[in-house]
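Overview (structure and organization)
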Amino acid sequence: MYSLPYKNGHYGQFGGRYVPEILMPSLIELEKAFNKYKKDKKFLKDLDDLYKNYSGRPTPLYFCENLTKKLGGAKIFIKNEGLNHTGAHKINHCLGQILLAKRMGKKRVIAETGAGQHGVATASVAAKFGLKCTIYMGARDVARQRPNVFWMEQVGATVVPVYDGNQTLKDAVNSAMRDYIADPESHFLLGSALGPVPYPEMNTFFQAIIGREVKKQCREIYNIHPDYLVACVGGGSNAIGLFYEFLDDKSVNLIGVEAGGAGKRNAIRFKGGKYGVIEGYKSYFLQDENGNTLPTHSISAGLDYPGIGPGHAYLKETGRVKYVSATDKEVLKAFQLLAKNEGIISALESAHAVAYAIKLAPKLAKNKNIIVNLSGRGDKDLFIITEALGDKKFYEFLKSKV
Ligand SMILES: *Cc1c(COP(=O)(O)O)cnc(C)c1O
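Residues numbered from 1 in each chain as written. Predicted model: local features only at pLDDT ≥ 70, side-chain atom pairs only at ≥ 80, totals over all residues. Heavy atoms only, no water.

**Brief notes about the packing of aromatic side chains**
The description of an aromatic ring pair rests on the distance of the ring centres and on the angle between the ring planes. Rules: Think of it this way: a Phe, Tyr or Trp ring, Trp meaning its six-membered ring, pairs with another when their centres are within 6.5 Å, and the plane angle makes it stacked under 30 degrees, edge-to-face over 60, tilted otherwise. Lysine NZ or arginine CZ positioned within 6 Å of the ring centre and within 35 degrees of the ring normal marks a charge as sitting over the ring.
Using the criterion set out here, one finds 17 aromatic pairs in the structure. A cation over a ring is seen here: Arg-103 above Tyr-37, with NZ or CZ 5.5 Å from the ring centre. Between Lys-128 and the ring centre of Phe-129, over which it is positioned, the NZ or CZ distance is 5.1 Å.

**Details of the site of the ligand**
So the rule is basically this: Definition of nearness: a residue and a molecule or strand are near each other if at least one heavy atom of the residue lies within 4 Å of the molecule or strand. Nitrogen and oxygen atoms within 3.5 Å of one another constitute a polar contact, given that in protein one can donate a hydrogen and the other can accept it, and given that sequence-neighbouring residues count only through two side-chain atoms. All amino acids are sorted into three groups, where Ala, Val, Leu, Ile, Met, Phe, Trp, Tyr, Cys and Pro are nonpolar, Asp, Glu, Lys and Arg are charged, and the leftover types, Gly among them, are polar. Domain delimitation follows an automatic or database domain assignment.
Of all residues adjacent to the ligand, which total 18 residues, the nearest are Lys-90, Ser-192, Gly-234, Ser-237 and Ser-375. The contact in question runs from an oxygen atom of the ligand to an N or O atom on the side chain of Ser-192, over 2.6 Å. Tallied by class, residues from the shell around the ligand come to 5 nonpolar, 11 polar and 2 charged. Looking at which domains feed residues into the shell around the ligand, each of domain 1 (10–51 + 88–203) and domain 2 (58–87 + 208–395) supplies at least three.

**What to know about the packing of helix H4 (residues 90–103) against helix H5 (residues 117–129)**
We apply this condition: A fitted line through C-alpha atoms represents every axis, and for helices the fit uses only the stretch in contact; the resulting angles, taken between N-to-C directions, go from 0 to 180 degrees. Numbered from the N terminus, helices here are DSSP runs of H or I no shorter than four residues, and strands are runs of E no shorter than two. Whether a crossing is left-handed or right-handed is set by the direction in which the near helix is turned from the far one by less than a right angle, anticlockwise for left-handed and clockwise for right-handed. Here, residues are in contact when the closest pair of their heavy atoms is within 4.5 Å.
Contact geometry of H4 with H5 gives a least axis separation of 9 Å together with a crossing angle of 40 degrees. Viewed along their axes, H4 and H5 form a crossing whose handedness is right-handed. Taking contact as the criterion, the partners of Lys-90, Ile-91, His-93, Cys-94, Leu-95, Ile-98, Leu-99 and Lys-102 in H4 are, on H5, Gln-117, His-118, Ala-121, Thr-122, Val-125, Ala-126 and Phe-129. Classifying every residue of the contact of H4 with H5 by side-chain character gives 9 nonpolar, 4 polar and 2 charged.

**Let's talk about unusual backbone geometry**
Apart from glycine, the bulk of residues carry a negative phi angle, and the bulk of peptide bonds sit in the trans form. A cis amide bond links Arg-57 to the next residue, Pro-58, at an omega of 0 degrees. Relative to the assigned elements, Pro-58 resides in the loop between helix H2 (41–53) and strand E3 (61–63). Residues Val-197 and Pro-198 are joined by a peptide bond in cis, for which omega reads 10 degrees. Looking at the element boundaries, Pro-198 is found in the loop between strand E8 (187–188) and helix H9 (199–207). Its identity as a non-glycine residue notwithstanding, Asn-223 has a phi of 50 degrees, on the positive side.

**A short note on the pattern of salt bridges**
This is how it is decided: For this analysis, a salt bridge means a side-chain nitrogen from Lys or Arg found within 4 Å of a carboxyl oxygen belonging to Asp or Glu. Residue burial is assigned from relative accessible area. The probe radius is 1.4 Å, only protein chains are included, and a residue is buried under 20% of its type maximum, exposed over 50%, and partly exposed in between.
This structure, assessed with the given rule, holds 22 salt bridges. Across the pair Lys-52 and Asp-48 runs a salt bridge whose closest N-O atoms are separated by 3.3 Å. Remark: Asp-48 and Lys-52 occur in helix H2; sequence separation between them is 4 residues, near one turn of the helix. On the basis of relative accessible area, Lys-52 is assigned to the partly exposed category, the value being 45%. One salt bridge in this structure joins Glu-330 and Lys-359, with 3.1 Å as the shortest N-O distance. Of this pair, Glu-330 sits in helix H14 (residues 328–342) while Lys-359 is found in helix H15 (residues 348–360), placing the two residues 29 residues apart along the sequence. Overlapping salt bridges, with partners in common, bring together Arg-57, Lys-79, Glu-81 and Glu-213 in one network.

**A word on the packing of H14 against H15**
Put simply, the rule reads: Here the word oblique covers every angle except those under 35 degrees (roughly parallel), over 145 (roughly antiparallel) and from 65 to 115 (roughly perpendicular).
Between H14 and H15, whose axes approach to 8 Å, the crossing angle comes to 85 degrees. Our classification of the angle between H14 and H15 gives roughly perpendicular. Of the residues in H15, those touching H14 at Glu-330, Val-331, Leu-332, Ala-334, Phe-335, Leu-337 and Leu-338 are Leu-348, Ala-351, His-352, Val-354, Ala-355, Ile-358 and Lys-359. Residues that form the contact of H14 with H15 fall into these classes: 11 nonpolar, 1 polar and 2 charged.

**Focus: the side chain of Lys-380**
Relative to the assigned elements, Lys-380 resides in the loop between strand E15 (369–374) and helix H16 (382–388). At 2.9 Å, the side chain of Lys-380 and the side chain of Asp-381 are in polar contact. Setting aside its immediate chain neighbours within four residues, Lys-380 contacts Gln-117, Gln-145, Asn-148, Ala-347 and Glu-349.

**Some details on the side chain of Gln-287**
Mapped onto the fold, Gln-287 is located in the loop between strand E13 (281–285) and helix H13 (310–318). Only 3.3 Å separates the side chain of Gln-287 from the backbone oxygen of Tyr-275, close enough to count as a polar contact. Setting aside chain neighbours within four positions, we find Gln-287 in contact with Lys-274, Tyr-275, Gly-276, Ile-278, Asn-292, Thr-293 and Leu-294.

**Brief notes about the nonpolar core**
Here is the rule we go by: Among buried residues, those of type Ala, Val, Leu, Ile, Met, Phe, Trp, Tyr and Cys that are joined through side-chain atoms within 4.5 Å constitute a nonpolar core.
Counting residues in hydrophobic clusters, the biggest one holds 85 residues, and the most contacted among them are Leu-100, Met-152, Phe-206, Leu-229, Phe-243, Leu-254 and Leu-315. Among the elements that take part in this core, H4 stands out by supplying 7 residues, more than any other. Within the second largest apolar cluster, 34 residues are counted, among which are Val-230, Ile-255, Leu-364 and Val-372.

In structure tokens form, the structure reads like this:
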């Protein structure tokens, strides 16, 4: 697409493949398979069947009538990716990658996970396709997200807690990479539109279904023009998946929302981040003067990451996408407003996009339309939200269980 030129594995000065020599053959094999199968009719049909029959696509585009009335401005619509199988958009690239892994004759997949959403989606597709699956997860995340660990194990994955560093996502990525280096015959099922070539382009391709559906739904169901598209940005896969189809249409405003966290503790790569080469690709990273990534913070584990996909770094530089942030506090308020007015329980990541839409809508005319990508549903955040809201009855319940 014109607005996101991709040349030699780069979007402008971002992207590339900077990995240990030993991984090059595997990543080149993957790139070749992707370039072959993305044009293969049978492959695309198999993927489409899985999107429909395994994951439940197309996900609804839903008009938030109550929320719109309450805010008194532009109309707010939600693209509900949370209704996907396993609860988020992650399944879109997991299905694509597992089909490629099968075509390449892989027997095992390796993945990293933070909150566990990508882990659950990966473990599920591995179960369905009969591949062995090892998921690396920081020991602190294992402790915080026990329900997802349990589900990964139930569908047959081995979950390995990582005790290095901060014991969070970055450390899980490093351990997963070490496993991959030791066993490059496995498929590394990476969970966002970042990392070395071909992951950013490949996951963008698999996530672009979101924007294609939105375009069709706007036209066929509502007969509206999508004036604003809003999505949260962790690594960037759900956002680029929503934006991709619209990049060339300048009448559509694109907005990515980063994790504003709490004061100085945040994950706003486009504010505090600097250009660098980390974890195999060139992009913006929150890093110290030695190029080591800095600790980040967000109430949502999925946005709590120092790096951002190279496509987004490019779209930021060209100004095609505007990047903003929402704080933990704003996110909790947005979560509650959506729940109370529409009966929709949003993932905390996605509530970042809702938080921005809530600020934007009253400033716009009533004939404007805002599409918010609800990247996931909130079930996984039960423990974080009950704690943040100080729900005593829930604590009584937990105590009664031990
Ligand atoms: C993982 C996750 C994200 C962040 O990842 P992106 O690659 O930026 O989309 C956002 N929302 C949910 C629900 C997630 O699980």
